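# Remarks on the overall topology
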Amino acid sequence: MQSPGSQALADAHAQLAEAIAFHEYDEGTHAMLKASRRELTVSIPLRRDDGTVEVLTGYRIQHNISRGPAKGGLRFSPDVNVDEVRALAMWMTWKCALLDVPYGGAKGGVAIDPRRYSSAELERVTRRYTTEILPIIGPQRDIPAPDIGTDERVMAWMMDTYSVSVGHTVPGVVTGKPLSLGGSLGRSSATSRGVVHVALAALESAGIEAVGATAVVQGFGKVGRDAARFLHQAGVRLVAVADQYGAVHVATGLDVELLCRHVDEHGTVVGFPGSTPLNGAEALELDVDLLVPAAVEGVLNGENARRIRARIVVEGANGPTTREADHILSEAGVVVVPDILANAGGVIVSYFEWVQSNQSFRWGLDEVESRLEERMRSGWTAVTDFAAHHGITLRAAATALAVQRVTEAHRLRGLYP
Ligand code: NAD
């Protein structure tokens, strides 16, 4: 079996090959879109709180910058590896093109388990990593944002490190910043809001009433938690939630606000009073209307795809469905709303934050949220119309549309020299 990182990259390459074949583009175009534009691997020597030194490895990969500066999250996870970062950077290129935000795609990662390090140690890791990748980032070059294991505090350290090194404050170098440092209203919940906009649209188009529809959410972090809350607010009955420690099940529906309080106190959904414990794999296989994987890559795969009974899968995470699972689910009639559409709310509001930071101007929450909803809905309509017109899956349609836009940018710019 391949490692999750190599699997993700193989899947990303296969999706691209399918889009190239769909458009009948030449091999040169294929080769150009397959290769990362820049890949930087850095060593991060860390002085631990006990005085010992440990050397970590970090990456920043810019897949494509033909439509604008590179944009993509920074992940702190022990599983980070170069192939995973390459795949995630490529998906960012497609996501930005699909939703028509003026960016290319990038991703960063440090192979570290942040739960095993103190806040002071994480700050040193972040500042050293930022310094090492400094030559290739900047508000007009590459703009990081939070992802797994990172948050607004990490973005504040990155922004400060970059600003100190150039000698003035540059809020536009990262997004997902704290509000008091130029973050945007609505950014922290934007990915989840976007996930729920498309989940509700998908339920509607499948003829399933949202009120009383059943759902499972996997991952209860920045994306999964608010997705669970917004689904609950829309009347969807959340019957199970999973995180990396396990899952909890309540057939009549979980009280999401109480669950949030439990997680704040205990750091996991496990042990939520009144729930039945499940293992994470069992939660994914429950018979529900909607499954939202919002954790990590490859959780729906060749091994479990035939046991997935959800009618609709909305990918909150990046790459949660392997290519093999995609085929199995599609043949079984399960609608899979792909990551590059479903979780694009984050990069849309990151773009709004970048615009606000660069203009030193703040938009109101209503403006942010209504613009987000408009873009998610028009993304949904574009992808579903294209898929229906060509008789292809939503993922194939979304990738084909995105690849077409990036290719057009390449052709218009020409090849230098
Ligand atoms: P996070 O670190 O805030 O939360 C991750 C959650 O997943 C945690 O609840 C963790 O317990 C759970 N988890 C980890 N491994 C798991 C496993 N094997 N099984 C079950 N649960 C597991 O991360 P996040 O920012 O919420 O990101 C989640 C996913 O969404 C990632 O794929 C990320 O790339 C994607 N994403 C995030 C954003 C964003 O704005 N944060 C935007 C777009 C996409």
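For the structure given in this document, a descriptive report is provided here.

Moving on, we come to the sheet that holds strand β3 (residues 70–77). Spatial strand order, β1-β2-β4-β3-β5: five strands in an open sheet with mixed pairing. The open sheet has two edge strands with one neighbour each: β1 (38–47) and β5 (142–146). With strand direction ignored, the average angle separating the axes of adjacent strands in the sheet is 20 degrees.

A few words on the sheet that holds strand β10 (residues 290–293). If you trace the seven strands from one edge of the open sheet to the other, you get β9-β8-β7-β6-β10-β11-β12, paired in mixed fashion. On the outer flanks of this sheet lie β9 (276–278) and β12 (335–337), each paired with one strand and no other. Strand-to-strand twist across the sheet, computed as the mean angle between neighbouring axes with direction ignored, equals 20 degrees. Direction of pairing for β10 relative to strand β11 (residues 312–314): parallel, over a ladder of two bridges. The residue of β11 that forms the bridge with L291 is V313. In the packing of helix α7 (residues 224–233) onto the sheet, contacts are made with β6 (214–218), β7 (237–243) and β10, and the angle to β6 comes to roughly 165 degrees.

This paragraph deals with the site of the ligand. As a matter of local geometry, the ligand sits amid 22 residues, with D147, T191, F220, K222 and N318 nearest to it. Side-chain polar atom of Q218 to a nitrogen atom of the ligand: 3.5 Å apart, as the coordinates give it. For the ligand, whose unbound accessible area comes to 840 Å², protein coverage reaches 84%. Taken together, the residues of the shell around the ligand sort by class into eight nonpolar, nine polar and five charged.

Per the counting criterion, the structure on display carries 32 salt bridges. The partner of D83 in a salt bridge is R86, with the nearest N and O atoms 2.8 Å apart. Residue D83 and its partner R86 are located together in helix α3 (residues 82–98), separated by three residues, close to a single helical turn. What makes D83 buried here is its relative accessible area of 19%.

To continue, consider the side chain of D339. One can find D339 in helix α11 (residues 339–342). Once residues lying within four places of it in the same chain are set aside, the contact partners of D339 are W91, K95, E315, A317, N318, G319, P320, A344 and R395.

The terminal C-alpha atoms of helix α5 (residues 152–166), which comprises 15 residues, lie 21 Å apart, in line with the 21 Å expected from a rise of 1.5 Å per residue. By the burial criterion, the buried members of α5 are V154, M155, A156, W157, M158, M159, T161, Y162 and S163. You can read the cap of α5 off the contacts: a side-chain oxygen lies 3.2 Å from the backbone nitrogen of R153, and it is on D151. One or two residues past the end of α5 sits G167, with phi positive at roughly 95 degrees.

Across the chain, the bulk of peptide bonds are trans and the bulk of non-glycine residues have phi less than zero. In the segment running from Y416 into P417, the intervening peptide bond is cis, with an omega of 0 degrees. Counting through the fold element by element, P417 comes out in the segment after α14 (394–413). The residue E24 is not glycine, and still its phi comes out positive at about 60 degrees. The phi torsion at D100 lies on the positive side, around 55 degrees, for a residue other than glycine. Within the secondary structure, D100 is located in the loop between α3 and β4 (104–111).

Thresholds, definitions, all that
- Residues numbered from 1 in each chain as written.
- Predicted model: local features only at pLDDT ≥ 70, side-chain atom pairs only at ≥ 80, totals over all residues.
- Heavy atoms only, no water.
- Pairing = 2+ DSSP bridges.
- Helix = DSSP H or I, 4+ residues; strand = E, 2+ residues; numbered from the N terminus.
- Axes fitted to C-alpha atoms, helices over the stretch in contact; angles between N-to-C directions.
- Contact = heavy atoms within 4.5 Å.
- Near = heavy atom within 4 Å.
- Polar contact = N/O pair within 3.5 Å; in protein donor to acceptor, adjacent residues only side chain to side chain.
- Areas by Shrake-Rupley, 256 points an atom, 1.4 Å probe, with all protein chains shown as cover.
- Nonpolar A, V, L, I, M, F, W, Y, C, P; charged D, E, K, R; others polar.
- Salt bridge = Lys/Arg side-chain N within 4 Å of Asp/Glu carboxyl O.
- Buried < 20%, exposed > 50% of the residue type's maximum accessible area, 1.4 Å probe, protein only.
- Expected span 1.5 Å × (residues − 1).

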